[in-house]
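Listed below are the residues making up each chain.
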Amino acid sequence: MPDELPIDPFLAQLCEGYTEAEVAEIKQYMAEWDSSTYISVAQSILDNASRKEFDPLKYLRKAHNFNKKRAIRVPKTGYRQDGSSVDRKGNEYLIVRTDNFGTEKIVTYGVNDD
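Considering helix H3 (residues 41-51)
Now for step 1: H3 sits mainly inside the fold: eight of its eleven residues count as buried.
Now for step 2: For H3, the full list of buried residues reads Val41, Ala42, Gln43, Ser44, Ile45, Leu46, Asn48 and Ala49.
Now for step 3: Looking at the buried residues of H3, the elements they touch are helix H1 (9-15), helix H2 (20-30), helix H4 (56-64) and strand E4 (104-111).
Now for step 4: Taken from the residues just after H3, Glu53 is the one with a positive phi, measuring 60°.

Some remarks on the pattern of salt bridges
Now for step 1: Enumeration over the complete set of coordinates arrives at seven salt bridges.
Now for step 2: A salt bridge links Glu25 to Arg61, with the shortest nitrogen-to-oxygen separation between them at 2.8 Å. Residue Glu25 is found in helix H2, and its partner Arg61 is found in helix H4; the two are separated by 36 residues along the sequence.
Now for step 3: Exposure remark for Glu25: the relative accessible area of 18% places this residue in the buried category.
Now for step 4: Relative accessible area serves as the criterion here: at 31%, Arg61 is assigned to the partly exposed category.
Now for step 5: Of the charged contacts, one joins Glu104 and Arg73 as a salt bridge, the two residues approaching to 3.2 Å between their closest N and O atoms. On the criterion of sequence distance, the pair formed by Glu104 in strand E4 and Arg73 in strand E1 (residues 72-74) is long-range, its members being 31 residues apart.
Now for step 6: Overlapping salt bridges, with partners in common, bring together Lys68, Arg73, Asp87 and Glu104 in one network.

Here is what the cut-offs are and how they apply
Residues numbered from 1 in each chain as written. Predicted model: local features only at pLDDT ≥ 70, side-chain atom pairs only at ≥ 80, totals over all residues. Heavy atoms only, no water. Buried < 20%, exposed > 50% of the residue type's maximum accessible area, 1.4 Å probe, protein only. Helix = DSSP H or I, 4+ residues; strand = E, 2+ residues; numbered from the N terminus. Contact = heavy atoms within 4.5 Å. Salt bridge = Lys/Arg side-chain N within 4 Å of Asp/Glu carboxyl O.

This is how it looks when you write it as structure tokens:
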């Protein structure tokens with residue numbers, strides 16, 4: 001059928017092995033993300049979670065639950081030249097970028113093991 005949307009193979013891979021409820025949770029969290037330089041948000045999440053050795057759903061949960069209170073933002077106001085900013089709290093960080101509608105979207109989450 002020509003009216004069907006193409007299936008994102010990365011989304012299928014991201015959702016593989018999870019229950020229906022967990023897939024719904026994954027899709028809910030994906031709305032908070034920006035694909036950045038990746039083909040899709042799902043590809044970004046898969047790559048970042050893999051490189052940082054997280055289970056993808058746990059990775060999404062950690063990023064979603066990142067508490068920006070008392071986090072240090074770089075820059076303190078506005079955004080860097082690439083349109084992103086970094087929030088750091090302890091050894092955790094969250095990088096966000098504004099989308100075309102002015103909404104902050106997550107680019108990546110991570111933990112520095114110092």
